Amino acid sequence: MKGIVFDEFLQMVEANYGLITVDSIITKSDLPSGGVYTTVGTYDFNEMVALVTELSQEIDVPVPDLLHHFGHYLFDSLVKTHPEVVSSYSSPLSLIASIEDHIHVHVKKLYPDAELPTFKILEQTDTQLRLVYTSSRGLYMLAKGLMEKTFEHFGQKVNVDFKLLREDGKEVEFTLKQVG
Ligand code: HEM
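Residues numbered from 1 in each chain as written. Predicted model: local features only at pLDDT ≥ 70, side-chain atom pairs only at ≥ 80, totals over all residues. Heavy atoms only, no water.

The name an unreviewed UniProt entry gives the protein chain is Heme NO-binding domain-containing protein, with Croceivirga thetidis as the organism.

J.: Mind laying out the pairing of strand 1 (residues 118-124), listing which residues take part and the relevant values?
T.: Of the strand pairs in this sheet, strand 1 and strand 2 (residues 128-134) are connected by 6 bridges, and their pairing is antiparallel. Pairing of E123 across the sheet is with R130, part of strand 2. What sits between strand 1 and strand 2 in their antiparallel hairpin is a turn of 3 residues. (Pairing = 2+ DSSP bridges. Helix = DSSP H or I, 4+ residues; strand = E, 2+ residues; numbered from the N terminus.)

J.: Please provide a residue-by-residue account of the nonpolar core, values included.
T.: Counting residues in each nonpolar core, the largest one holds 54 residues, and the members touching the most others are F9, L51, F174 and L176. By residue number, the principal contributor to this core is helix 1 (residues 3-17), which donates 7 residues. Residue contributions to this core reach at least three from each of two domains, namely domain 1 (3-61) and domain 2 (91-179). Setting aside chain neighbours within four positions, we find L51 in contact with F6, F9, L10, I25, I26, S29, L31 and Y37. (Core = buried A, V, L, I, M, F, W, Y, C linked by side-chain atoms within 4.5 Å. Buried < 20%, exposed > 50% of the residue type's maximum accessible area, 1.4 Å probe, protein only. Domains from an automatic or database assignment. Contact = heavy atoms within 4.5 Å.)

J.: Talk me through the domain arrangement of the protein chain; I want residue IDs and the actual numbers.
T.: Segmentation of the protein chain into domains returns domain 1 (3-61) and domain 2 (91-179). Of the roughly 420 Å² buried between domain 1 and domain 2, counting both surfaces, carbon and sulfur atoms make up 66%. The largest per-residue losses of area from domain 1 upon contact with domain 2 belong to V40, T42 and F45, which jointly make up 78% of the total buried on that side. The tally of links from domain 1 across to domain 2 stands at 0 salt bridges. If you look at where domain 1 meets domain 2, you find 1 residue pair in polar contact (both at pLDDT 80 or more). (Buried area = accessible area lost by both parts, 1.4 Å probe. Salt bridge = Lys/Arg side-chain N within 4 Å of Asp/Glu carboxyl O. Polar contact = N/O pair within 3.5 Å; in protein donor to acceptor, adjacent residues only side chain to side chain.)

Have a look at this one:
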């Protein structure tokens, strides 16, 4: 996983729970990197698992809720660091439908060792999108947060339903319905 994701995660923890919590989860996670991340570096995904698990225990919030919240936070950071990726879209559904063939393709050029999920579109209309998220990392709640925030970014509202196609969350079907 890219350092930018770790960086943003720790910034979110600091903003919401303070520097003491950041230090505490880094120490308890016993990380090979020591908890020091550079944006372009690549780190073992297990370090993220350890940090999220420690945070979950420390503040008593379930891991899926934390990932969901982190998705909201991460979207704004991604837009700030890569405004050129988002500016070519005029609607949230067209942006989300283009992650697989455009956005993450661009990301892969910038960071060749990025580990990205795949999104397979099942059905698309002007107001609805059905797609399947697949990733060995099972970060579907992060995806949910990112998708919701994409709508907010365009000043629109959405209902996001999902169905786990695999119990471990590595394959999840999403249904997005634009509201209003
Ligand atoms: C991961 C970039 C939009 C879903 C990532 C990573 C980057 C990235 C750099 C980290 C890869 C790694 O750590 O190796 C971007 C940019 C976007 C964007 C620049 C546009 C502003 C989205 C949106 C979604 C999404 C709208 C909504 C579903 C994900 C997920 C991951 C991810 C779920 C985590 C990896 C996984 O699940 O396997 N993206 N992304 N991305 N992206 Fe995007």
